[in-house]
Amino acid sequence: MTDSFHSHGTFTVGGRTLKIARLDALRKAGYDIDRLPFALRILLENLLRREDGTTVSAPEIETLARWDPNAVPETEIAFMPARVLLQDFTGVPAVVDLAAMRDAMKAMGGDPTRINPLQPVELVIDHSVQVDEYGTEAAFRINAEKEFERNRERYAFLRWGQTAFANFRVVPPDTGIVHQVNLEYLARVVMTGEQNGESWAYPDTLVGTDSHTTMINGLGVLGWGVGGIEAEAAMLGQPVSMLIPQVVGFRLVGTLPEGSTATDLVLRVTEMLRKKGVVGQFVEFYGPGLAKLPLADRATIANMAPEYGATCGIFPVDQVALDYLAFSGRPADQVALVAAYMKEQGLFHTEASAEPRYSSTISLDLSTVEPSLAGPRRPQDRVTLGAVAHSFALELETMLAAPRKPATGARRMVAEGGGGLAVAAPPIEHALDAAAGELKHGSVVIAAITSCTNTSNPSVMVAAGLVAKKAVERGLKSKPWVKTSLAPGSKVVTEYLREAGLTPYLDQLGFQLVGYGCTTCIGNSGPLPAPISEAIQERDLVAVAVLSGNRNFEGRVNQDVRANYLASPPLVVAYALAGRIDLDLMTEPLGVSEAGEPVFLKDIWPTAEEVATTIRHGLHSSMFVSEYADVFTGDEQWRALEVPEGDTYTWDDASTYVRHPPYFQDMPREPRPVTDVAEARVLASFADSITTDHISPAGSIQANSPAGRYLLDHGVAAGDFNSYGARRGNHEVMVRGTFANIRIRNRMTPEIEGGFTVHLPSGEPLAIYDAAERYQAEGVPTIVLAGKEYGTGSSRDWAAKGPLLQGVRAVIAESFERIHRSNLVGMGIAPLEYRAGENAESLGLTGREVFSISGIAAGVENDFENGREMAITARREDGSEIRFHAKLRLDTPQEVHYYRHGGILQYVLRQLLKG
């Protein structure tokens, strides 16, 4: 190790002496560290501690210490997170890849046990539970049983990984949502560990395979979402290469007004930051409003950093954070370590702290926040509560004008694996057939209290319970066509709802516990009852879901639902009572009381004092201690799993869940020469805002789809298809589901909605996967054309892996979402950006041209000495040519290495082979 700035020293806490990389060494050297944003101070410590003259050098440290808020990011640094966080959808393929790397290492004469996480890795199983049963006391038990039945093979594989790999722990299913478990239990805030035989203390930092990893920023922990392939590299000791970012300061003043919730606040913040434009930047919250903002509200805001486009949305560690650590059951010596270390390093925020300099600032007076929803398609499309009905009416015209695929019957969808074989009848006395007859455009058919964003926050969860209590006391009921569900983020939530006496009222309105997991927000809403589904499809209705989540992209929540609105948990309850979105809850009644009187939302809305009093009486520190006492143990089903043994995994050729991936097949010890892209066809051409939900396989698997045909051919009954998410460990299923979203629109097939394209030159319309297979058989490379914000959405590695396996060599877009661009590079796909003001339309590109991209090979081999602009030629069918340039977005030298090796995993494996 090197210590150019003489920062390596010691400090003592609780009688224990630990090594630290002192930031005050830079203060003494004349650097204005106290005016740096807190997030950059954490990065600076990371570099000081790890300076070695190669991966981290003194000039990089000095550049960060002299950070220019207005500079265009151009200096690369190597950030090494202290730990890695996984959820099971993205975690299973990560562990599959590590297992395959062990096989490749062994085949090439290396030691397979060298493939091991080099720092703590924790995986929380939370994305696999689906809402099959709802509205009954048995819902949780039945859904948990179905989850285990469907995913037994995956869970056994994860159990093997837990025993085979060092530094790898798994939180079993039916425990909680990954981000809430991280907030309530896993996060350390300050870590301790061995380095060169010495005990060090350093900030808790992380990367996670879910984009909402940023939720932990609310506790002052720096971390963000990355693709699974980046996370795997971090697990194997590779730093995350990044450019020193610009940091936007978000100033908060005032307090939330009566009637507004943390959800309303985060929807306002999301709207403001999306309008400002913070993609690729850090956002740091500051100002006098911090002291009055509870930790749970901070976590709610931090959670939605992907929705407002930032890399992270961080709050500094202060007394509020220390109080939360103590209340959530962290050991007293850990809380003392956090307090002492953060104060010693100048990382602790107080009212007397100097205000940091930021690249730009934005301000919000909390007292101006209004009750709101966001929808019907994007989290940033905020609508005030009183304007929702009018807004929906305008949106409805657009939706009805859009061309649609032919509807599929509900019973057929269920039989094709849309979620379980049986659909439970809800415990409501009205017949579902009669309820279906009342459906119209705007009917709310799903009301779900779900997702980490809000179920981590006692204020909105208790508010939902109080709304339910007041509604029941006035004789109101949820409408019979509404599928209601409650999926808390942890068992602590159900404990304080029960302790507060609110559970019976939620139950009476159909909000029984359905499971601890992501459920509706990730697309695991389960099927609607057949009469409801069939009525929607036969009458081509625009049905609505209201959920307390963070994602409402098209086709994500449920295939029968075309309009999705994000809302606070108490508003989710309100819309279940109303049963429709096209009413003004500010002026129109929710229903009629048993006495025949109209009941308005204001009549059942709790005051802030009611919520606070209920939390004080219902939520206790002991709940965290008891619920997390044996969090890694699991239930009897988990403990009884038969687990394979050995350092390498015994692959089952008959498995349709876990398959040996092909990434290392015939891989030479040295990378093959980089080549340009020649004579390529366009696999698909897209407009703006194509998300990873459009690209990556998600949701149910249809029997007539390429993935469904594959499963049927391998003896899997349609009712046992499970979901794409559950089969992420099988590349054969996933590649067939890539670009297969039912709402994706390919400009090459404007008359068809869904994952279709045109095979050229034959002109035959095919599923995108089938066309990709034909092109590969013909030896024809393919590319993708796209508009702005390509790849916005969750950090899904399969949105890059799938196109690679389909033969895609490059994506040419107007702009890319940060994580997805990085993932493309990590899989060896070239991301190219049009010049400003240019796009497929302005250049006259139809997608029927033959493309050649030159300059990639020369640029990669010669360190882009002539720039990163590539020359592209598109030859039309009549032989004429369109010539233009696009920038190759290999943003750092490390990304160039990854691309040269064909991907990040191949690069890491070759480095480990070399020792």
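Model, not experiment: these values are computed from the prediction.

Cut-offs and rules
Residues numbered from 1 in each chain as written. Predicted model: local features only at pLDDT ≥ 70, side-chain atom pairs only at ≥ 80, totals over all residues. Heavy atoms only, no water. Helix = DSSP H or I, 4+ residues; strand = E, 2+ residues; numbered from the N terminus. Rg over C-alpha atoms; globule rule 2.2 N^0.38 Å. Buried < 20%, exposed > 50% of the residue type's maximum accessible area, 1.4 Å probe, protein only. Contact = heavy atoms within 4.5 Å. Lys, Arg positive; Asp, Glu negative; His and termini not counted. Charge placed at Lys NZ, Arg CZ, Asp CG, Glu CD. Arc of directions from axis to C-beta. Pairing = 2+ DSSP bridges. Axes fitted to C-alpha atoms, helices over the stretch in contact; angles between N-to-C directions. Phe/Tyr/Trp six-rings, centres within 6.5 Å; stacked < 30°, edge-to-face > 60°. Lys NZ or Arg CZ within 6 Å of the ring centre and 35° of its normal. Polar contact = N/O pair within 3.5 Å; in protein donor to acceptor, adjacent residues only side chain to side chain. Salt bridge = Lys/Arg side-chain N within 4 Å of Asp/Glu carboxyl O. Disulfide = S-S within 2.5 Å. Parallel < 35°, antiparallel > 145°, perpendicular 65-115°, else oblique. Left-handed = near helix turned anticlockwise from the far one by under 90°. Nonpolar A, V, L, I, M, F, W, Y, C, P; charged D, E, K, R; others polar. pLDDT = per-residue confidence, 0-100.

Colleague: Just checking my understanding: could you explain the overall build of the chain for this structure?
Modeller: If you tally the helices and strands in the chain, you get 35 helices and 32 strands. By the compact-globule yardstick of 29 Å for 915 residues, the chain fits well, its C-alpha radius of gyration being 27 Å. In terms of overall dimensions, the chain has C-alpha extents of about 80 × 75 × 55 Å along its principal axes. Here the chain holds 915 residues, and the buried ones make up 64% of them. For the chain, the proportion of contacts with a sequence separation of at least 24, taken over those separated by at least 6, is 78%. Computed over 85 positive and 112 negative side-chain charges, the separation of the two mean positions in the chain equals 1 Å.

Colleague: Help me out: how do you make sense of helix α23 (residues 608-618) in this one?
Modeller: Every α-helical turn comprises 3.6 residues, leaving residues that sit three or four positions apart pointing alike. For α23, the set of buried residues is Val611, Thr614 and Gly618. With its buried residues spanning 65° around the axis, α23 presents them on a single face. Of the residues in α23, the exposed ones pointing more than 90 degrees away from the buried face are Arg616 and His617. In this fold, the buried residues of α23 make contact with α17 (458-473), α18 (491-499) and α24 (621-627).

Colleague: What exactly am I supposed to notice about the sheet that holds strand β14 (residues 312-314) here?
Modeller: Sheet strands pair by backbone hydrogen bonding; their relative direction is either parallel or antiparallel. If you walk across this open sheet you meet the 4 strands as β14-β13-β12-β15, and the pairing is parallel. Two strands bound the open sheet, and with one partner strand each, they are β14 and β15 (360-365). Averaged over all pairs of adjacent strands, the angle between their axes in this sheet comes to 20°, without regard to strand direction. Relative to β14, strand β13 (residues 282-286) runs parallel, the two being bridged by 3 bridges. What sits directly across from Glu284, in β14, is Ile314. Of the strands in this sheet, β12 (247-253), β13 and β14 touch helix α2 (residues 38-50), which is tilted by about 120° from β13. Across the sheet, helix α8 (residues 262-276) is in contact with β12, β13 and β15; its angle to β15 comes to roughly 150°.

Colleague: Just to check I follow, could you spell out the packing of aromatic side chains for this structure?
Modeller: Centre distance and the angle of the planes are the two values used to describe a pair of aromatic rings. Going through the model one piece at a time under the given rule, you end up with 22 aromatic pairs. Aromatic pair Tyr898 and Tyr907: ring centres 5.3 Å apart, planes at 70°, arrangement edge-to-face. Neither Tyr898 nor Tyr907 differs from the other in exposure class; each is buried. Among the aromatic side chains, those forming a connected cluster through ring pairs are Phe157, Trp160, Phe165, Tyr649 and Trp651. Above the plane of the ring of Phe38 lies Arg41, whose end atom (NZ or CZ) is 4.0 Å from the centre. Between the NZ or CZ atom of Lys602 and the centre of the ring of Phe600, over which it lies, the distance is 5.8 Å.

Colleague: Looking at this model, I keep getting lost on the environment of Thr738. Mind explaining?
Modeller: Note on placement: Thr738 falls in the loop between α28 (731-737) and β25 (756-759). Judged by its relative accessible area of 1%, Thr738 falls in the buried class. Here the alpha-carbon distance between Thr738 and Trp798, two residues 60 residues apart in the chain, equals 7.8 Å. A distance of 2.9 Å separates a polar side-chain atom of Thr738 from the backbone oxygen of Met734.

Colleague: Whenever I open this one, the side chain of Gln238 confuses me. Can you help?
Modeller: Mapped onto the elements, Gln238 comes out in the loop between α7 (228-235) and β11 (240-243). On the basis of relative accessibility, which here comes to 14%, the residue Gln238 falls in the buried class. Discounting residues that sit within four places of it in the chain, Gln238 has contacts with Met80, Ala233, Gln894, Tyr898, Tyr907 and Val908.

Colleague: Sorry if this is basic, but what is going on with the pattern of salt bridges here?
Modeller: For side chains bearing opposite charge, pairing can occur when the charged atoms are close. Evaluated as defined, the whole model comprises 48 salt bridges. Across the salt bridge formed by Arg49 and Glu45, the nearest N and O atoms sit 2.7 Å from each other. Placement of both Arg49 and Glu45 in helix α2 is noted, with a separation of 4 residues, approximately one turn of the helix. Judged on exposure class, the residue Arg49 and its partner Glu45 are both buried. Across the pair Arg745 and Glu753 runs a salt bridge whose closest N-O atoms are separated by 3.3 Å. By relative accessible area, which is 31% here, Arg745 ends up partly exposed. Owing to a relative accessible area of 5%, Glu753 belongs among the buried residues under this scheme. Within this structure, Arg83, Glu122, Arg169, Arg188 and Asp204 form a network of salt bridges that share partners.

Colleague: It is not clear to me how the environment of Ala740 should be interpreted in this structure. Could you clarify?
Modeller: For Ala740, the position within the fold is in the loop between α28 and β25. Overall, the relative accessible area of 33% leaves Ala740 in the partly exposed class. Residues Ala740 and Val758, spaced 18 residues apart in sequence, show a C-alpha to C-alpha distance of 14 Å. Apart from residues no more than four positions distant in its own chain, Ala740 is found in contact with His694 and Gly755.

Colleague: Teacher, can you tell me more about the sheet that holds strand β24 (residues 677-685) here?
Modeller: Spatially, β24-β27-β28-β29-β32-β31-β30 is the arrangement adopted by the 7 strands of the closed barrel, whose pairing is mixed. Taking each pair of neighbouring strands and ignoring which way they run, the sheet shows an average axis angle of 35°. As judged from the 3 bridges shared by strand β29 (residues 830-834) and strand β32 (residues 881-888), these two strands associate in the antiparallel manner. Within β32, the position partnered with Leu832 by the bridge is Leu888.

Colleague: Mind showing me how you'd approach the state of the cysteines here?
Modeller: Simply put, disulfide is the name for a covalent bond between the sulfur atoms of two cysteines. Scanning all chains against the criterion turns up 0 disulfides. No disulfide involves Cys312; its nearest neighbouring cysteine sulfur is the one of Cys452, lying 16 Å away. Its relative accessible area of 0% is what places Cys312 among the buried residues.

Colleague: What should I look at first to understand the packing of helix α4 (residues 88-107) against helix α35 (residues 904-913) in this one?
Modeller: If you want to describe how two helices pack, look at the angle between their axes and the distance between the axes. Running from N to C, α4 and α35 cross one another at 40°; their axes reach a closest spacing of 11 Å. As judged from the angle between their axes, α4 and α35 are oblique. You can see that α4 and α35 cross each other, and the crossing is right-handed. For the pair α4 and α35, contact is made by Asp97, Met101, Ala104 and Met105 and by Leu905, Val908, Leu909, Leu912 and Leu913, respectively. Per-class residue counts for the contact of α4 with α35 are 8 nonpolar, no polar and 1 charged.

Colleague: What is the right way to look at the pairing of strand β31 (residues 869-875) in this model?
Modeller: Remember that side chains alternate between the two faces of the sheet whenever the strand is regular. One ladder, built from 5 bridges, connects strand β30 (residues 850-854) with β31; its direction is antiparallel. Within the sheet, the bridge partner assigned to Ile853 lies in β31 and is Ile872.

Colleague: Looking at this model, I keep getting lost on the confidence of the model for the chain. Mind explaining?
Modeller: Low pLDDT means the predicted coordinates in that region are not meant to be read closely. Counting all residues, the mean pLDDT for the chain is 92, and 97% of those residues have values of 70 or more. Below pLDDT 50 for its whole length, residues 405-430 participates in 60 contacts with residues either more than four positions away or in separate chains.

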